[in-house]
Amino acid sequence: MEEQGQLEELDKKYVWHPFTQMKDWEREKTVIIASGDGSYIEDVEGKRYLDGVSSLWVNIHGHRKKEINDAIKSQLDRISHCTMLGLSNVPAIRLAERLIKMMPGGEAGKVCEESGVRSEESEDFTSCLTPHPSRLTKVFYSDNGSTAVEVALKMAFQYWLHKGVKGKNSFLSLRNAYHGDTLGAVSVGGVDIFHEVFGPLLFRTFKAPSPYCYRCEGGEKFPGCSFFCLDEMENILAANHDEIAAVIVEPLVQAAGGMIVFPPGYLRGVRDLCTRYNVLLIADEVATGFGRTGRMFACEHESVVPDMLCLSKGITGGYLPLAVTVTTEEVYNAFLGDFRDLKTFFHGHSYTGNPLACAAALACLDIFEKEDPLRNLQPRIETLEDGLREVSGLAHVGEARNRGLMAGVELVRDKATKEPYPWEEKMGWRVANHARGKGLFIRPLGNVLVIMPPLGIGEPDLRWMLAVIGEAIKKVSA
Ligand code: PMP
């Protein structure tokens with residue numbers, strides 16, 4: 001108790017928290033986490049919370065996973081950090097090889113002969129529509145999701161310069177997109193409440209509609225719609241492809257924009273448009289990567305191979321900051337030349353390819369191989385979907401949606417008209433705070449409650465989590 005009081009005082013005196021109105025923070029009780037175990041975190045007073053958002057979507061295999069702990073300890077006895085600028089290191093090399101082997105369309109997948117796109121039986125998979133010869137073969141390291149995106153944007157821009165194509169100085173992204181907090185990532189972002197204020201600092205981008213079927217901009221209804229969202233993207237590309245270096249999307253789920261789930265076929269459609277209009281496709285799988293959608297990478301669901309794939313968050317199992325931007329031989333080769341040609345990619349962070357983080361990532365991949373959580377995920381996804389169906393019947397739930405183990409529950413003031421709660425009412429927060437009192441930690445995105453537990457969460461915990469959320473919604477919205 002004493003520890004809580006003292007630490008809370010120091011926190012309020014010295015720490016400025018991210019995405020937090022500190023005026024509210026200063027008058028609320030601070031929950032101070034001291035330890036974690038499996039799907040649970042525990043505060044300094046001994047109160048346990050189910051970690052319903054995997055510590056902001058990073059924790060894949062649970063807290064204090066022995067194999068990852070051991071890998072980091074063993075790497076500590078070798079070296080903790082050395083630079084990748086002018087040197088390489090053992091775990092970074094090993095990890096790059098492992099990642100390339102598991103990339104969509106990579107060595108592990110069958111390759112569709114005429115297109116080079118991974119071909120595999122899947123309900124959503126339409127066909128290898130567009131010839132797209134690329135495979136992802138090169139790993140560029142950085143240290144968080146935003147930097148993985150910055151790298152992709154700069155690389156795409158410079159790629160076209162090296163190819164002698166001038167004028168591709170812009171990008172196409174989606175409304176409701178979230179790609180990180182650095183200024184390049186914010187420029188391709190589309191969440192007004194976070195991004196609008198920085199408008200004067202941002203570069204110009206083209207924005208296509210979000211494939212947000214619950215609130216379709218074109219007033220259409222899926223299934224049976226004419227894919228208004230893809231048509232609009234095509235209109236922008238047809239008119240402006242000379243100015244567009246790349247399209248960037250979060251494949252299958254626009255996460256921080258409100259857990260918006262793409263309709264089947266949309267991602268494949270985006271890939272085809274990029275190929276047709278000669279722009280690169282950047283897949284930001286920072287949130288969806290490493291099993292979240294039910295497959296290792298979301299792109300696999302529609303047999304899509306992007307030109308660049310950004311990964312972070314779950315890559316180390318939620319232990320240490322690490323990110324990669326993976327790209328093709330075609331992009332890599334465009335940067336080769338004599339030093340005086342200045343084709344070098346002048347970008348690199350101090351902690352790029354950190355050996356401790358790479359060792360954690362290797363252990364994380366070992367767990368995927370040994371424990372095969374993806375194979376065991378299906379019953380959990382079904383349990384989640386059963387729970388979501390129940391929650392969606394509540395009076396103030398507009399839609400409860402998921403892809404794999406990523407879910408969002410959208411709260412509305414009026415279910416019939418879909419009228420949202422005004423954001424100032426902080427409805428999502430009020431429900432989340434109620435759940436916190438019951439021992440469940442979730443963090444909402446505006447009116448959308450996010451459910452993204454570790455992949456190995458027990459089914460009873462998952463059921464309990466949904467029951468607590470349902471109760472909290474009833475209580476707060478009553
Ligand atoms: N891209 C996506 C899709 C994300 O969800 C996030 C983080 N929520 C980022 C990029 C940025 O990652 P980071 O917070 O590690 O910079």
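All values derive from a computational prediction rather than experimental measurement. Position numbers for residues start from 1 in each chain and track the written sequence from start to end. Residues qualify for local features only when their pLDDT is at least 70, as the model is predicted, and side-chain atom pairs are given and counted only at 80 or more; totals for whole chains, interfaces and linings, by contrast, use all residues. Here the side-chain values reflect all heavy atoms present in the structure, with hydrogen atoms and water set aside.

Structural notes on the overall build of the chain
Next, step 1: Strands are runs of DSSP state E lasting at least 2 residues, helices are runs of H or I lasting at least 4, and numbering of each runs from the N terminus. Secondary structure summary: the chain contains 15 helices and 17 strands in total.
Next, step 2: Over its C-alpha trace the chain gives a radius of gyration of 22 Å, about what one expects of a compact globule, namely 23 Å for 478 residues.
Next, step 3: Each principal axis of the C-alpha distribution contributes one length, and for the chain these read about 65 × 60 × 45 Å.
Next, step 4: Under the scheme applied here, a residue whose accessible area is under 20% of the maximum for its type counts as buried, over 50% as exposed, and between as partly exposed, the area being computed with a 1.4 Å probe on protein chains only. Looking at the chain residue by residue over its 478 residues, the buried ones come to 55%.
Next, step 5: We call two residues in contact whenever any of their non-hydrogen atoms come within 4.5 Å of each other. Counting only contacts in the chain whose residues sit at least 6 apart along the sequence, the fraction spanning at least 24 positions is 70%. In this description the radius of gyration comes from C-alpha coordinates, and the expected globular size is given by 2.2 Å times residues to the power 0.38.

Remarks on the pairing of strand β12 (residues 323-328)
Next, step 1: Most of β12 sits inside the fold, with six of its six residues counted as buried.
Next, step 2: Burial along β12 is two-sided: A323, T325 and T327 facing one way and V324, V326 and T328 facing the other are all buried.
Next, step 3: In the sheet, strand β4 (residues 136-142) pairs with β12 via six bridges, with the strands oriented antiparallel. Within the sheet, the bridge partner assigned to F140 lies in β12 and is T325.
Next, step 4: Two strands qualify as a pair provided that DSSP identifies no fewer than 2 bridges between them. The pairing of strand β11 (residues 308-311) with β12 spans four bridges and is antiparallel. Within the sheet, the bridge partner assigned to C310 lies in β12 and is T325.

A short note on the sheet that holds β12
Next, step 1: With mixed pairing, the seven strands of this open sheet are ordered in space as β4-β12-β11-β10-β7-β5-β6. Each end of this open sheet is capped by a strand with a single partner; those strands are β4 and β6 (206-208). Recorded for the sheet is a direction-independent mean angle of 20° between the axes of neighbouring strands.
Next, step 2: Sheet topology note: the strand β7 (residues 244-249)/strand β10 (residues 280-284) ladder contains four bridges and is parallel. Among the inter-strand pairings, I248 is bridged to a residue of β10, identified as I282. To get an axis, a line is fitted to the C-alpha atoms, and for a helix only the part in contact is used. The angle between two axes follows their N-to-C directions and goes from 0 to 180 degrees.

Examining helix α13 (residues 377-392)
What sets the pattern is the α-helix's 3.6 residues per turn: residues three or four places apart point alike.
Next, step 1: The end-to-end C-alpha separation of α13 is 22 Å, in line with the 22 Å expected for 16 residues at 1.5 Å each.
Next, step 2: Looking at α13, one finds that the buried residues are L377, R380, I381, T383, L384, G387, L388 and V391. For α13, the angular spread of buried residues about the axis comes to 160°, placing them on one side. Away from its buried face, by an angle of more than 90 degrees, α13 presents the exposed residues R389 and E390.
Next, step 3: In this structure, the buried side of α13 is in contact with β13 (397-403), β14 (406-414), β17 (448-451) and α15 (459-477). Multiplying 1.5 Å by the helix residue count minus one yields the expected span of that helix. This arc corresponds to the set of directions leading from the helix axis out to the C-beta atoms.

Examining the sheet that holds strand β2 (residues 40-43)
Next, step 1: With respect to topology, four strands assemble into an open sheet ordered β1-β2-β3-β16, the strand pairing being mixed. Here the strands that pair on one side only, and so sit at the sheet edges, are β1 (33-37) and β16 (440-441).
Next, step 2: In the sheet, β1 pairs with β2 via four bridges, with the strands oriented antiparallel. Its bridge partner lying in β2, I33 is registered against D43.

Quick word on the site of the ligand
Next, step 1: The immediate surroundings of the ligand are formed by W57, N144, G145, S146, Y178, H179, G180, E250, D284, V286, A287 and K313.
Next, step 2: Two N or O atoms count as a polar contact when they lie within 3.5 Å, although within protein this holds only if one can serve as hydrogen donor and the other as acceptor, and sequence-adjacent residues are included solely when both atoms are side-chain atoms. Measuring from an oxygen atom of the ligand, one finds a side-chain N or O atom of N144 at 3.2 Å.
Next, step 3: Between the ligand and S146, the relevant distance is 2.6 Å, taken from an oxygen atom to a side-chain nitrogen or oxygen of the residue.
Next, step 4: The Shrake-Rupley method, run with a 1.4 Å probe sphere, supplies the accessible areas, and residue values consider only the shown protein chains as cover. Here the ligand has 390 Å² of accessible area as a free molecule, and 85% of this is covered by the chains. Distances are taken per atom, and a residue is near a molecule or strand as soon as one of its heavy atoms is within 4 Å of it.

Quick look at helix α9 (residues 228-240)
Next, step 1: Its 13 residues give α9 an end-to-end C-alpha distance of 18 Å, which sits within 8% of 18 Å, the value for a rise of 1.5 Å per residue.
Next, step 2: Of all the positions in α9, only C229, L230, M233, I236, L237 and N240 are classed as buried. Buried residues along α9 cover an arc of 120° about the axis, so they all sit on one side.

Quick word on the nonpolar core
Next, step 1: Take the buried Ala, Val, Leu, Ile, Met, Phe, Trp, Tyr and Cys residues and link them wherever side-chain atoms come within 4.5 Å; each set so joined is a nonpolar core. With 109 residues, the main nonpolar core has W57, M233, V247, F290, V409 and I473 as its most contacted residues.
Next, step 2: A total of eleven residues in this core trace back to one element, the largest contributor, which is helix α12 (residues 355-371).
Next, step 3: Residues within four places of W57 in sequence aside, it is in contact with A255, A256, M259, A287, R292, K313, G314, L445, V450 and M452.

A closer look at the side chain of S187
Next, step 1: Within the secondary structure layout, S187 lies in helix α7 (residues 183-187).
Next, step 2: For S187, a relative accessible area of 4% gives the class buried.
Next, step 3: One polar contact links the side chain of S187 to the main-chain amide nitrogen of F203, over a distance of 3.1 Å.

Section: the pattern of salt bridges
Next, step 1: Within this document, salt bridges are pairs made up of a side-chain nitrogen of Lys or Arg and a carboxyl oxygen of Asp or Glu, the two lying within 4 Å of each other. Taken as a whole and assessed by the stated rule, the structure comprises 24 salt bridges.
Next, step 2: Its salt-bridge partner being K29, residue E45 comes within 2.6 Å of it at the nearest N-O pair. Of this pair, E45 sits in the loop between β2 and β3 (48-51) while K29 sits in the loop between α2 (22-27) and β1; the two residues are 16 residues apart in sequence, bridging distant segments of the chain.
Next, step 3: Exposure remark for K29: the relative accessible area of 52% places this residue in the exposed category.
Next, step 4: Each of R215, E399, R401 and E410 takes part in salt bridges that share partners, so that together they form one network.

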